[in-house]
Amino acid sequence: DLLLDAWTDAFGPDADVQLVVKDFGTGTHYRGQTAGDRLRALAERDDVAPVIYLDEDMSPDELSSLYRACDVFVTPYRGEGFCMPALEAMACGLPVIHTATGPTSEFVPADGGWAVEAERAPMRAGGGLPELAGDGYVHEVRPEALVDTLRSVAAAPDERRLRAASALARAQDYDWDRVGEIAAASLETLAAEELPLAREIGVAQLERREELVVYAPDWDDENSWGPTLERWSAAFGSDDPVTLALHFTGDDVDGLGGRILTRLQAAGLDENDLPDLALPEPGSVSLASLVAAADAVLVEPAPAGRPELSRRARRLIVAGPEDLLDYAAEIRSRVAVTS
């Protein structure tokens, strides 16, 4: 739907472009889960640039010929485990327009395609998934960004050729041996990190607002956590639907709470206007269980390697002033839309 909406917005009937959509699985267990009806209707319209819809099965040779007949591969997915068609297209000499937040960024080089900015969005109902442990979400490209990208790519044949060459070179280097090396390195890293198994981690239960963010700095380094909490408290107020959970492993939780309050008051922040802060009693919840419950993890602008924070975080929020203001605006916008 995102691509079709962007296509109709980007190109009128006089544009010298056409969109070829190759569907798959329409005769298997994926039957009825595609946009086939809308694509057929769009292919019959004469007020947009041409759309060709193909839903028949193709042999590998036929599919590679289809790739090579095109100039660019477009895949603004909401969620993907890998996106093999993107790599197939690159191997056939096509640059790739793809979602910036997703697995394709692992193998599509910056000069081998165009990564389109995406934003987190709630998972739509009716996706056929089993019950989830928490609220599901996807990453959707911004429609206006996709429209701009389609138009600029269509108008730049020389740039397409340059990026196609880079995409092909990367695909040729991404054989089974290379993929095996990457997988082995990832497994070695996971083993060295010695994180507890995700299935053995209970989700922390604590009083919280709609959005939960975890912050677990080195509490002995006030020069680090002090400015971060000041920036957080400047970005968020007492009415915002966000709880910042502060993970502390020391003995004097009351002393830490006092140090935090003193620091914020010295920065000119009124205690009554502070955002919601939670400081669980040490030992009552583990860091792993807090991260499992959190919507995001707050990290310093130049964080040290801490896999216990970053590996399982749904999202990392950098504690820079602009980043926090953007995050606050996003949350308020999301709440406004919901209400």
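Refer to the structure printed above.
This structure is a prediction, so every number in the text was calculated from the model and none was measured.

Novice: Quick question: what am I supposed to make of the nonpolar core here?
Specialist: Nonpolar side chains in soluble globular proteins generally cluster together in the buried interior. Core analysis: the largest hydrophobic core is formed by 26 residues, its most contacted members being Leu19, Ile97, Leu146 and Leu150. Of all the secondary structure elements, the ones that give two or more residues to this core are helix H1 (2–10), strand E1 (19–22), helix H2 (36–43), strand E2 (51–54), strand E5 (113–116) and helix H5 (143–154). No other element matches the 6 residues that H1 contributes to this core. Apart from the residues within four sequence positions on either side, Leu19 is in contact with Leu3, Leu4, Trp7, Pro50, Val51 and Ile52.

Novice: I'm lost on helix H7 (residues 176–193) in this one. Help?
Specialist: Along an α-helix, residues three or four positions apart point the same way, because every turn accommodates 3.6 residues. The end-to-end C-alpha separation of H7 is 26 Å, in line with the 26 Å expected for 18 residues at 1.5 Å each. Glu194 sits one or two residues past H7 and shows a positive phi near 55°.

Novice: Help me understand the environment of Glu230, please; the structure alone is not making it clear to me.
Specialist: Within the secondary structure, Glu230 sits in helix H8 (residues 222–235). The class of Glu230 is partly exposed, set by a relative accessible area of 23%. When the C-alpha atoms of Glu230 and Ala267 are compared, they prove to be 7.1 Å apart, with 37 residues separating the residues in sequence. When residues no more than four places from it in sequence are discounted, the contact partners of Glu230 are Arg263, Leu264, Ala267 and Leu269.

Novice: Sorry, what's going on with the packing of aromatic side chains here?
Specialist: Two aromatic rings, taken as a pair, are described by how far apart their centres are and by the angle between their planes. By the definition in use, this model includes 9 aromatic pairs. Pairing Trp232 with Tyr327 gives two aromatic rings, centres 6.5 Å apart and planes at 50°, and the pair type is tilted. Taken together, the residues span a long stretch of sequence, with Trp232 in helix H8 and Tyr327 in helix H12 (residues 321–338) at a distance of 95 residues. This pair shows no difference in class: Trp232 is buried, exactly as Tyr327 is. Taken together, Phe82, Phe107 and Tyr174 form an aromatic cluster joined through their ring pairs. Between the NZ or CZ atom of Arg120 and the centre of the ring of Tyr137, over which it lies, the distance is 4.5 Å.

Novice: Please clarify how the pattern of salt bridges should be interpreted in this entry.
Specialist: For side chains of opposite charge, pairing can occur when their charged atoms come near one another. Tallied over the full model, the rule gives 23 salt bridges. Salt-bridge contacts for Arg40 lead to Asp55; the nearest nitrogen and oxygen are separated by 3.2 Å. Taken together, the residues Arg40 in helix H2 and Asp55 in the loop between E2 and helix H3 (60–68) connect sequence positions 15 residues apart. A relative accessible area of 38% places Arg40 in the partly exposed class. Under the relative-accessibility criterion, Asp55 is labelled partly exposed at 27%. With a closest N to O distance of 3.5 Å, Glu222 and Arg263 form a salt bridge.

Cut-offs applied
- Residues numbered from 1 in each chain as written.
- Predicted model: local features only at pLDDT ≥ 70, side-chain atom pairs only at ≥ 80, totals over all residues.
- Heavy atoms only, no water.
- Core = buried A, V, L, I, M, F, W, Y, C linked by side-chain atoms within 4.5 Å.
- Buried < 20%, exposed > 50% of the residue type's maximum accessible area, 1.4 Å probe, protein only.
- Helix = DSSP H or I, 4+ residues; strand = E, 2+ residues; numbered from the N terminus.
- Contact = heavy atoms within 4.5 Å.
- Expected span 1.5 Å × (residues − 1).
- Phe/Tyr/Trp six-rings, centres within 6.5 Å; stacked < 30°, edge-to-face > 60°.
- Lys NZ or Arg CZ within 6 Å of the ring centre and 35° of its normal.
- Salt bridge = Lys/Arg side-chain N within 4 Å of Asp/Glu carboxyl O.

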